[in-house]
Amino acid sequence: LSFFDYHSVKATENTEIININFAPELLDGRISEYMKKSGKAVMCRLDEEQTKYIDSRVKVLEQTNRSAQNSDDLVLRAVLAEITAILLKNSDEPEREAMPDFVQKAIGYIHENFRKDISLAILADKLSVSPGYLGKLLKGSLGKTFNEYLGDVRLKYACNLLESSDLSVGEIATSSGHNSVQYFLHVFKKRFGFTPSQYRNIKKA
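Residues numbered from 1 in each chain as written. Predicted model: local features only at pLDDT ≥ 70, side-chain atom pairs only at ≥ 80, totals over all residues. Heavy atoms only, no water.

## Remarks on the overall build of the protein chain
Thinking step 1. In terms of regular secondary structure, the protein chain is built from 11 helices and zero strands.
Thinking step 2. Each helix (α) and strand (β) of the protein chain, taken in turn from the N terminus, gives the series α-α-α-α-α-α-α-α-α-α-α.
Thinking step 3. Within the protein chain, the proportion of its 205 residues that are buried is 36%.
Thinking step 4. Long-range contacts, defined here as pairs at least 24 residues apart, represent 68% of the contacts in the protein chain between residues at least 6 apart.
Thinking step 5. As presented, the protein chain carries roughly 12,900 Å² of accessible surface, and 51% of it is formed by carbon and sulfur atoms. (Helix = DSSP H or I, 4+ residues; strand = E, 2+ residues; numbered from the N terminus. Buried < 20%, exposed > 50% of the residue type's maximum accessible area, 1.4 Å probe, protein only. Contact = heavy atoms within 4.5 Å. Areas by Shrake-Rupley, 256 points an atom, 1.4 Å probe, with all protein chains shown as cover.)

Shown next as structure tokens:
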């Protein structure tokens, strides 16, 4: 369950994948804020009974989405809130509670704005703290500096685009928040040992 618009999945041949796309405003405000703070996808394990129940609720979403009743919007909101609440309740992320609130908010902001020209100073101003203080919090909680974490997010997004789209390398560089194609090529090869084009060919082979 991811609040953000990119992901990757590795599954066994017996795994069923359910992908639910929805407008952000349909999600309950409290759940939305919780997921923004986390800055990452929610992972959980469900038993057979829970899985069957989630599957039944997804079918309700599908049926409601195909109808044209005035109450459809209310039903969609209620069922979507129920599904996300169940998944969040069954998630196993004890580190979330230990993570400082500023760091959770910072991670959420990075994931929402990594395509833009953002900096530690801009983020610190948004959170009303000093850049030095926020930088220390991020380093202590994530083991990475702001720039390192931002770079990881941008490269992960670029990798997903290389694997799942036919966009040009230049378009992917821009879409993932890199200011120039040359810089994108440099940091990509430094990280993975391949050019973006080589990476795409390997993944699609």
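## Structural notes on unusual backbone geometry
Thinking step 1. Positive phi values are uncommon outside glycine, yet Ser-128 reaches one of about 60 degrees.
Thinking step 2. Examined against the element boundaries, Ser-128 turns out to sit in the loop between helix 6 (120-127) and helix 7 (131-142).

## Some words on the pattern of salt bridges
Thinking step 1. The tally for this structure, following the rule as stated, stands at five salt bridges.
Thinking step 2. Taking the shortest distance from any N to any O, the salt bridge between Lys-144 and Asp-152 comes out at 2.4 Å.
Thinking step 3. Residue classification places Lys-144 among the partly exposed positions, given a relative accessible area of 31%.
Thinking step 4. Between Asp-152 and Arg-191 there is a salt bridge whose closest N-O contact spans 2.7 Å. Here the residue Asp-152 occupies a position in helix 8 (residues 146-164), and Arg-191 occupies one in helix 10 (residues 181-192), the gap between them amounting to 39 residues.
Thinking step 5. A residue is classified by how much of its surface remains accessible, and Asp-152, at 17% relative accessible area, is buried.
Thinking step 6. The network of salt bridges with shared partners includes Lys-144, Asp-152 and Arg-191. (Salt bridge = Lys/Arg side-chain N within 4 Å of Asp/Glu carboxyl O.)

## What about the packing of aromatic side chains?
Thinking step 1. Applying the stated rule across the entire model yields five aromatic pairs.
Thinking step 2. Measuring from ring centre to ring centre gives 5.8 Å for Phe-192 and Tyr-199, while their planes differ by 45 degrees; the resulting arrangement is tilted.
Thinking step 3. Relative accessible area serves as the criterion here: at 31%, Phe-192 is assigned to the partly exposed category.
Thinking step 4. Taken together through their ring pairs, the aromatic side chains of Phe-184, Phe-188, Phe-192 and Tyr-199 make up a single cluster. (Phe/Tyr/Trp six-rings, centres within 6.5 Å; stacked < 30°, edge-to-face > 60°.)

## Some details on the confidence of the model for the protein chain
Thinking step 1. Residue-level pLDDT values for the protein chain average 81, and 74% of them are 70 or greater.
Thinking step 2. Here residues 1-7 is modelled with pLDDT under 50, and outside its nearest four sequence neighbours on either side it reaches 28 contacts, counting other chains as well. (pLDDT = per-residue confidence, 0-100.)

## Looking at the environment of Ala-106
Thinking step 1. Topologically, Ala-106 is positioned in helix 5 (residues 101-113).
Thinking step 2. Residues contacting Ala-106, with those up to four places away along its chain left out, are Leu-123, Leu-127, Leu-134 and Leu-138.

## Comments concerning the packing of helix 5 against helix 8
Thinking step 1. In contact at an axis separation of 10 Å, helix 5 and helix 8 are set at 45 degrees when each is read in the N-to-C sense. One way to sum up the angle between helix 5 and helix 8 is to call them oblique. Handedness of the crossing formed by helix 5 with helix 8: right-handed. Here Ile-107, Ile-110 and His-111 of helix 5 come into contact with helix 8, specifically with Phe-146, Tyr-149, Leu-150 and Val-153. (Axes fitted to C-alpha atoms, helices over the stretch in contact; angles between N-to-C directions. Parallel < 35°, antiparallel > 145°, perpendicular 65-115°, else oblique. Left-handed = near helix turned anticlockwise from the far one by under 90°.)

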